[in-house]
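Here is what each chain is made of, one letter per residue.
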Amino acid sequence: MSFTRDALPADFVIGSATAAYQIEGSPTAGGRGPSIWDDFTTVPGAIADGSTGEPADDHYNRAGEDIALMAGLGLDAYRFSISWSRIQPDGTGPANAEGVAFYRRLAEELIAQGITPYATLYHWDLPSALEAKGGWLARETADRFAEFARVTVEALGDLVTHWITLNEPWCSAFLGYASGVHAPGRRLGSEASHAAHHLLLGHGRAVAAIREVAPTATVGVTLNLYSVRAATESDADRDAARRIDGLQNRLFLDPVLRGSYPRDVLDDLGETAWFDEQPMTDAVEIAAAVDFLGINYYSRHTVRAGAGSDGSLAAGDASSNPGSEFVEMVDTGAPKTQMGWEVHPDGLLDVLRMANALAPSMPLYVTENGSAYDDAVVDGAVDDLDRRSYLEAHLAVCAAAVDEGLPLRGYFAWSLMDNFEWAYGYTRRFGLVYVDYATQQRTVKTSGRWLAGLLGGSLA
Ligand code: IFM
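Figured I'd write up the structure that's included with this text. Because the structure is a prediction, the values reported are computed rather than measured.

### As for the overall build of the protein
Then step 1. On a plain count of helices and strands, the protein comes out with 16 helices and 13 strands.
Then step 2. For 460 residues, the compact-globule estimate of 2.2 N^0.38 gives 23 Å, and the C-alpha radius of gyration of the protein, at 21 Å, lies within 12% of that figure.
Then step 3. Overall size of the protein, expressed as C-alpha extent along the three principal axes, is 60 × 50 × 45 Å.
Then step 4. Taken across its 460 residues, the protein has 62% of its residues classed as buried.
Then step 5. Sequence separation of at least 24 residues holds for 78% of the intrachain contacts in the protein that already meet a minimum separation of 6.
Then step 6. Carbon and sulfur atoms make up 51% of the accessible area of the protein, which amounts to about 16200 Å² in all.
Then step 7. Taken as two groups, the 34 positive and 62 negative side-chain charges of the protein have centres that lie 1 Å from each other.

### A short note on helix H5 (residues 97–112)
Then step 1. Over its 16 residues, H5 runs 22 Å from end to end, which matches the ideal 22 Å to within 8%, given 1.5 Å per residue.
Then step 2. Restricting attention to buried positions, one finds in H5 the residues Gly99, Val100, Phe102, Tyr103, Leu106, Ala107 and Leu110. Seen end-on, H5 carries its buried residues on one side only, within an arc spanning 160°. Turned more than 90 degrees away from the buried face of H5 sit Ala97 and Ala112, all of them exposed.
Then step 3. Lining the buried residues of H5 we find helix H1 (20–23), helix H3 (59–73), strand E2 (77–81), helix H4 (84–87), strand E3 (116–122) and helix H7 (140–156).
Then step 4. Once H5 ends, the next one or two residues include Gly114, with phi positive near 75°.

### Things to note about the sheet that holds strand E9 (residues 327–329)
Then step 1. As summarised here, the arrangement of the 3 strands in space is E6-E8-E9, forming an open sheet in which the pairing is mixed. The outermost strands of the open sheet, each flanked by one partner alone, are strand E6 (227–230) and E9. Ignoring which end each strand starts from, the neighbouring axes of this sheet average 35° apart.
Then step 2. With 4 bridges connecting them, E6 and strand E8 (residues 300–305) associate as parallel partners. Counterpart to Val228 in the pairing with E8 is His301.

### Let's talk about the site of the ligand
Then step 1. Residues in contact with the ligand, as listed here, are Gln22, His123, Trp124, Asn167, Glu168, Tyr298, Trp341, Glu368, Trp414, Glu421, Trp422 and Phe430.
Then step 2. Between the ligand and His123 there is a distance of 2.8 Å, counted from an oxygen atom to a side-chain nitrogen or oxygen.
Then step 3. Taking Trp414, its side chain carries an N or O atom lying 3.3 Å from an oxygen atom of the ligand.
Then step 4. In isolation the ligand has 280 Å² of accessible area, and contact with the protein removes 96% of it.
Then step 5. Taken together, the residues of the shell around the ligand break down into 6 nonpolar, 3 polar and 3 charged.

### Re the environment of Leu69
Then step 1. Mapped onto the elements of the fold, Leu69 is located in helix H3.
Then step 2. Taking relative accessible area as the criterion, Leu69 reaches 15% and is therefore assigned buried.
Then step 3. Remark: the alpha-carbon pair of Leu69 and Gly457, spanning 388 residues in sequence, is separated by 9.7 Å.
Then step 4. Beyond its immediate sequence surroundings of up to four residues, Leu69 is in contact with Val433, Arg442, Val444 and Leu459.

### Focus: the pairing of strand E11 (residues 408–414)
Walk down a regular strand and you will see the side chains alternate between the two sheet faces.
Then step 1. Extensive coverage of E11 is indicated by the burial of 6 of its 7 residues.
Then step 2. In this sheet, E11 lies alongside strand E1 (residues 13–17) in parallel orientation, the contact comprising 5 bridges. In the sheet register, Ser16 faces E11, and the bridge partner there is Ala413.
Then step 3. Taken together, the 3 bridges between strand E10 (residues 364–368) and E11 define a ladder with parallel strand orientation.

### Considerations on the nonpolar core
Then step 1. Trp37, Trp163, Phe174, Leu293, Leu395 and Leu451 are the most contacted members of the largest nonpolar core, which has 126 residues in total.
Then step 2. By residue number, the principal contributor to this core is helix H9 (residues 192–213), which donates 9 residues.
Then step 3. Judged by nonpolar contacts, the second largest core, of 15 residues, contains Val13, Ala19, Tyr298 and Tyr390.

### Observations concerning the packing of helix H10 (residues 235–258) against helix H14 (residues 346–358)
Then step 1. Contact geometry for H10 and H14: axes closest at 10 Å, N-to-C directions at 35°. Handedness of the H10/H14 crossing: right-handed. In contact with Asp245, Asn249, Leu253, Asp254, Leu257 and Arg258 of H10, H14 contributes Met354, Ala355 and Leu358.
Then step 2. Taken together, the residues that form the contact of H10 with H14 break down as 5 nonpolar, 1 polar and 3 charged.

### Some thoughts on the packing of aromatic side chains
Then step 1. Taken as a whole and judged by the stated rule, the model has 31 aromatic pairs.
Then step 2. Where Trp84 meets Phe148, the ring centres are 4.8 Å apart and the plane angle is 5°; that geometry is what we call stacked. One end of the pair, Trp84, is in helix H4; the other, Phe148, is in helix H7, with 64 residues separating them in the sequence.
Then step 3. Residue class for Phe148 comes out buried when judged on its relative accessible area of 0%.

### Observations concerning helix H15 (residues 385–403)
Then step 1. The terminal C-alpha atoms of H15, which comprises 19 residues, lie 27 Å apart, in line with the 27 Å expected from a rise of 1.5 Å per residue.
Then step 2. Three or more residues of H15 are buried, namely Arg387, Tyr390, Leu391, Glu392, Ala393, His394, Leu395, Val397, Cys398, Ala399 and Ala401.
Then step 3. Against the buried residues of H15 lie E1, H14, E10, E11 and helix H16 (446–455).
Then step 4. Looking one or two places after H15, you find Gly405, whose phi comes out positive at around 100°.

### Thoughts on the sheet that holds E3
Then step 1. With respect to topology, 8 strands assemble into a closed barrel ordered E1-E2-E3-E4-E5-E7-E10-E11, the strand pairing being parallel. Ignoring which end each strand starts from, the neighbouring axes of this sheet average 25° apart.

### Quick word on the pattern of salt bridges
Then step 1. All told, the structure shown has 33 salt bridges when counted by the stated rule.
Then step 2. Of the charged contacts in the structure, one is a salt bridge between Asp245 and Arg250, with a shortest N-O distance of 3.0 Å. For the pair shown, Asp245 and Arg250 are each scored as buried.
Then step 3. Via salt bridges that share partners, Asp239, Arg242, Arg243, Asp245, Arg250, Asp264 and Asp268 belong to a single interconnected network.

Reading the values: rules and limits
- Residues numbered from 1 in each chain as written.
- Predicted model: local features only at pLDDT ≥ 70, side-chain atom pairs only at ≥ 80, totals over all residues.
- Heavy atoms only, no water.
- Helix = DSSP H or I, 4+ residues; strand = E, 2+ residues; numbered from the N terminus.
- Rg over C-alpha atoms; globule rule 2.2 N^0.38 Å.
- Buried < 20%, exposed > 50% of the residue type's maximum accessible area, 1.4 Å probe, protein only.
- Contact = heavy atoms within 4.5 Å.
- Areas by Shrake-Rupley, 256 points an atom, 1.4 Å probe, with all protein chains shown as cover.
- Lys, Arg positive; Asp, Glu negative; His and termini not counted.
- Charge placed at Lys NZ, Arg CZ, Asp CG, Glu CD.
- Expected span 1.5 Å × (residues − 1).
- Arc of directions from axis to C-beta.
- Pairing = 2+ DSSP bridges.
- Axes fitted to C-alpha atoms, helices over the stretch in contact; angles between N-to-C directions.
- Near = heavy atom within 4 Å.
- Polar contact = N/O pair within 3.5 Å; in protein donor to acceptor, adjacent residues only side chain to side chain.
- Nonpolar A, V, L, I, M, F, W, Y, C, P; charged D, E, K, R; others polar.
- Core = buried A, V, L, I, M, F, W, Y, C linked by side-chain atoms within 4.5 Å.
- Left-handed = near helix turned anticlockwise from the far one by under 90°.
- Phe/Tyr/Trp six-rings, centres within 6.5 Å; stacked < 30°, edge-to-face > 60°.
- Salt bridge = Lys/Arg side-chain N within 4 Å of Asp/Glu carboxyl O.

Spatial relationships are all this shows, so hold off on functional conclusions.
This is how it looks when you write it as structure tokens:
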């Protein structure tokens, strides 16, 4: 296979993505307040290698060098996230000037290099002060998020015109509040769906706030979607697929794009009554018109009904799929990345079609797609052929999607550089650029060199 850029429209955006906590380091610099990830990383056993987000990639001090790398790669755009607690150290109030200054310098330098900034407002790092008040289980947090969106767009909206409210609210809600494998580490089972609702309400209110402050801004939200299929045609396995598709995809797609929750999923969760008690106007707010949908796609789920699907299993409180704990992921034997995630490029087409079926003219972006492999520097080079193939195969699917008529407008590789992979710490590398954490030396991997070749970049 040899993919070339002319397989995609000339205005198709190709960039890379990162997130604040995963790359910035410097957790107290410039008046930054603590976030739930600063707290969670101190919990014994929470992070595989006992690490924290300090120093990560020391990007807070090396942003100029990293933007030069992006320019060398030939990227059209860069998707980064804004640390809420750099802007509002306590999660509320006026913008912290030093935090704003950091992101203004970043955006100015990107623009100077011809790279369009795409900013995500919430990539999982809730200010600790808000978690102390209930975090995303508290309805009030939706208002705090809208306030954060407002002050941030007021401060940066002359430079940044592309905004993403939330990144992967499924992870924030269910990894954070159901299984507790992510911050804030709470294990509440189905009650995590209340966090999902408040995240979505926050999204809707943030969209409204951004529209007031910056009426011409382009605003979207990013969901992590999966291609889900049943292992067999049995009723039980098909029901397992319905449940996981429901929790992962429809619980988020439906309210954002159609203005209502899927009842079957609320029933699976045992939360229909709670959702029915919420103000009717919430649905309207959550369905605030967006300009695009961001989709993070990594893998496919093949599922079956495991032991306990007959109801004999007591509801577990530490599953990321509350109410459907008995559903098992099936190993199809297909190649996997170091995360254990099956490599299945065609699943990207499935999720693009899924979103398009719900909102036919909605512009779509792949806001993340990438792979972790156990990279090593050998003679000054990182020959990550698996990642290069993964990237090439998924870009080829993007071209097929565009050819099919899907309104796919761009693709962001996860990630620009190796970084703090949440509960896995630094044990998983997703970057196009290798980072030696001891020296902070960056080495562009073969995958990055391949992308630079595609994009006409000029690497040293
Ligand atoms: O590193 C994460 C990112 O923060 C969100 N999406 C998935 C990536 C890989 O796990």
